[in-house]
Amino acid sequence: MKTQTLAVLFLFFMSHSLLAQEKVKDFSLPAVGDEKPFVLSEAKGKYVALHFLLKTECPYCIRHTNDYVEKTAGLDDVIQVFIKPDTDEEILEWAENLEEDSFTIYRDVDAQLADELGIPGGYSFHNQLVHYPALILIGPDGKEVYRYIGKKNSDRLSVKKFMAVMEELQK
């Protein structure tokens, strides 16, 4: 039994390690408002942090977004991409609660990108099943280098932990 458990754990970690080395297929996300869409291939040479936020009326998403915008402003080699699966109107209403307005929120229409990147769905939020909150970090070469999938609404990668991940990756 112990050997089987160790084998399963080994395969689990190997699959995550291999997954983190895959090049992410180019994608485009529409921006809310009059901003330009985000296109992954245009971010070559920089890290891209994809923040998959929950549906509107998520106070943790507001806090998470405000923290990252404020505390990662000095990271010139990282592009923070905040993504919501809502309509433009819903996102604009939600964004009124943000402290900063110097960044763009992008739409993941029908959660297509979340599905493509393997973010699990089935999280119950406001009587809907949605994808879990997540952060996926893509390296300057276009390969996924890190992922964090929250287990509940308040389970997000803190800015402090994100900075530690970035420090480790940039060694």
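Our subject is the structure that appears above.
All values derive from a computational prediction rather than experimental measurement. All residue numbers refer to position in the chain's written sequence, counted from 1. At least 70 in pLDDT is required for a residue's local features to be given in this predicted model, at least 80 for side-chain atom pairs to be given and counted, and no such filter applies to totals for whole chains, interfaces and linings, which use all residues. Hydrogens are left out, water is left out, and the side-chain values use all remaining heavy atoms of the structure.

Visitor: Explanation requested: helix α2 (residues 59-71) in the structure shown.
Guide: Residues three or four positions apart in an α-helix share a direction because the helix packs 3.6 residues into each turn. Elements are defined by DSSP. Helices are runs of H or I of four residues or more, strands are runs of E of two residues or more, and each kind is numbered from the N terminus. The span you would expect from a helix comes to 1.5 Å times its residue count less one. Taking 1.5 Å of rise per residue, the 13 residues of α2 would be expected to cover 18 Å, and the 18 Å separating its terminal C-alpha atoms lies within 8% of that figure. Considered for burial, the residues of α2 that qualify are C61, I62, H64, T65, N66, Y68 and V69. The contact rule is simple, with two residues in contact once any of their heavy atoms fall within 4.5 Å. The inward-facing, buried residues of α2 contact β3 (47-52), β4 (78-84), α3 (88-95), β8 (134-138) and α5 (159-169). Under the scheme applied here, a residue whose accessible area is under 20% of the maximum for its type counts as buried, over 50% as exposed, and between as partly exposed, the area being computed with a 1.4 Å probe on protein chains only.

Visitor: For this particular structure, what's the right way to read the packing of α2 against α5?
Guide: Helix packing for two helices is described by the angle between their axes and how far apart those axes are. Axis definition: a line fit to C-alpha positions, over the contact stretch in the case of helices; interaxial angles, taken between N-to-C directions, run 0 to 180 degrees. Put simply, α2 and α5 touch, their axes get as near as 10 Å, and they point 45° apart. Judged on the interaxial angle alone, α5 and α2 are oblique. Pair α2 / α5 crosses with right-handed handedness. Of the residues in α5, those touching α2 at D67, Y68 and K71 are V159, F162 and M163. Considering only residue class, the contact of α2 with α5 consists of four nonpolar, no polar and two charged. Each angle receives one of four descriptions, namely roughly parallel if under 35 degrees, roughly antiparallel if over 145, roughly perpendicular if within 65 to 115, and oblique otherwise. Crossings are sorted by hand: turned counterclockwise from the far helix by less than a right angle, the near helix makes the crossing left-handed, and turned clockwise it makes it right-handed. Throughout this entry, Asp, Glu, Lys and Arg are counted as charged residues, while Ala, Val, Leu, Ile, Met, Phe, Trp, Tyr, Cys and Pro are counted as nonpolar. The remaining residues, Gly among them, count as polar.

Visitor: Help me out: how do you make sense of the sheet that holds β3 in this one?
Guide: Within a sheet, adjacent strands bond to each other through the backbone by hydrogen bonds, running parallel or antiparallel. In this scheme, strands are said to pair when DSSP sees at least two bridges between them. With respect to topology, five strands assemble into an open sheet ordered β5-β4-β3-β8-β9, the strand pairing being mixed. In the strand order of this sheet, the two ends are held by β5 (105-107) and β9 (144-149), each with one partner. Between one strand axis and the next, the sheet turns through 25° on average, direction left out of account. Bridge count for β4 against β5 is three bridges, and the pairing is parallel. Counterpart to I83 in the pairing with β5 is Y106. Strands β4 and β5 of the sheet are contacted by α3, whose axis makes an angle of about 155° with β5. Packing against the sheet, α5 makes contact with β3, β4, β8 and β9, and its axis sits at approximately 20° to β8.

Spatial relationships are all this shows, so hold off on functional conclusions.
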